[in-house]
Amino acid sequence: MFKPLFTSGSLFLKGVDILLENLFKLKENGTNAKTEMMAGITTFMTMAYILAVNPAILSASGMDSGAVFTATAIASCIGTLFMAFFANYPFALAPGMGLNAFFAYTVVGQMGYSWQVALAAVFVEGILFFILSLTKVREAIFNCIPFSLKYGVTGGIGLFIAFIGLQNSHLVVDGATLVSIYPFKASLASGEFYTTGIGALLALIGVILTAVLMIKNVRGAILLGILITWGLGIIAEVTGIYIPDPAKGAFSVMPDFSNGLYIPSLMPSFMQMDFSYIFTFNFVTIMLSFMFVDLFDTLGTLIGVADRLHPKPICLTDRDACPESEARCWLTLLQHRQVLCSVLLR
C-alpha cells in the first residue's frame, strides 16, 4: 500500500522548524527547534510563580490583584517578545521581585505614600533609565563593575528567589532565629502536617529530585521535576493525604475551571499614576532608590542568564571587545519592560 512520504503533522512540524530557523538562526547558535520549545516550556514553568506572587505582594499596597495579574502577564509577554525579536537572545522578562517588595512594603507600607504615587516614581525612574540605556552612561556603569561583583549580585538574586520559593512552600518558616526548617514532627502532633506539612515535604522532594536529574544530565530536568512534583501533589490531594487550607497558605493543586476562564480587567491600575509629589525631595529619594535596586537587579539577572549561553556573549568574556550595540541592546530592552510595567501596574 502506498504510504505518503510526509504526513500533514510532519509537514507542519517541518514548516515550524524552518520558520524558527529563519527567524532566530538556531543552527548558527548551536540549537534546534525541539530544544528551544522544551527550554521555553521549562522557563515558563519556572517563572510562572510571578503570576501569583506579584499580585499577592502588590495587593498589600491596595492595588487590585486581578489587574496586577493581567498587567504582569501582558508586560512579561511583550518584554520577552521584544528580547526575542530585537536581540535574538533566549531571555524571558518579567517584573522584578526586588522592586515590587520595596514598592509595597517600604514606599507604601512604611513611608505612607499611595500606590499611585509609587507608580509615578517607578515610571519616572524607568524613563530616566531608558534614556541612560540609549546613551553610553548605563553601558559605562555596566562595564566598570568588576566581574566578581557582577557574579556576586547574580548569586544574591538567585538566593533571594530561592528563599521566596522556600518560604511560599513553607519549607522555611519563621522561628527563634528568624529562619527555621519546617517543624515536621510538631506538625504531626498538631495536625497541620496534612496541610502545610505535605506542601513542605513535596517541595523538598521536588528540589532533591530536580537536583538529581540535573546532575545526571537528564534533558528537561527542571520541567520533569516540576511535573513529577505536581503529579505527586495531585495524588496526595485525591487520596486525602493533602488537605488544602487557603487560610494557611496551602492551596489546591487541582486545576479548577468551575468559574470558567476570564481575564481580569486592567482598568483599576492602568495609567493610575499620581505625579502630584514629583517635585518633592521624598519623591526624588524614592525614585533614586528604585533606580539603585533596578540597576543591580537588571545587571545581576542579565549576567546570570547570559552566562548559561553557549557560546557566551563576548560582553561576558572580553569587555574591551564587547560591541557597543550588544550591551546597549540588552539594557534598552530590559528598560522597555520597566516602563511598560509602570504604565500597566507599577
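One can find the structure itself at the top, above this paragraph.
First things first, this report covers the structure right here in the doc. Bear in mind that the values here come from a model prediction, so they are computed numbers and not experimental data.

**Describing the side chain of serine 76**
Move 1: Within the fold, serine 76 resides in helix α4 (residues 65–87).
Move 2: The exposure class assigned to serine 76 is buried, which follows from its relative accessible area of 10%.
Move 3: A distance of 2.7 Å separates the side chain of serine 76 from the backbone oxygen of threonine 72, its partner in a polar contact.
Move 4: In this structure serine 76 touches Leu93, Ala94 and Pro95, once residues within four positions along its chain are discounted.

**Points about the packing of helix α10 (residues 196–215) against helix α11 (residues 221–238)**
Move 1: One can describe the packing of α10 onto α11 by two numbers: an axis separation of 9 Å at closest approach and a directional angle of 150°. Our classification of the angle between α10 and α11 gives roughly antiparallel. The way α10 lies across α11 gives a crossing that is right-handed. Along its contact with α10, which presents Ile198, Leu202, Ile205, Gly206, Leu209, Thr210, Leu213 and Met214, the element α11 presents Ala221, Ile222, Leu224, Gly225, Ile228, Thr229, Leu232, Gly233 and Ala236.
Move 2: Classifying every residue of the contact of α10 with α11 gives twelve nonpolar, five polar and no charged.

**Notes on the environment of leucine 202**
Move 1: Here leucine 202 lies in helix α10.
Move 2: Linking leucine 202 and leucine 171, residues 31 residues apart in sequence, is a C-alpha distance of 9.2 Å.
Move 3: Residues within four places of leucine 202 in sequence aside, it is in contact with Thr229, Leu232 and Gly233.

What counts as what
- Residues numbered from 1 in each chain as written.
- Predicted model: local features only at pLDDT ≥ 70, side-chain atom pairs only at ≥ 80, totals over all residues.
- Heavy atoms only, no water.
- Helix = DSSP H or I, 4+ residues; strand = E, 2+ residues; numbered from the N terminus.
- Buried < 20%, exposed > 50% of the residue type's maximum accessible area, 1.4 Å probe, protein only.
- Polar contact = N/O pair within 3.5 Å; in protein donor to acceptor, adjacent residues only side chain to side chain.
- Contact = heavy atoms within 4.5 Å.
- Axes fitted to C-alpha atoms, helices over the stretch in contact; angles between N-to-C directions.
- Parallel < 35°, antiparallel > 145°, perpendicular 65-115°, else oblique.
- Left-handed = near helix turned anticlockwise from the far one by under 90°.
- Nonpolar A, V, L, I, M, F, W, Y, C, P; charged D, E, K, R; others polar.

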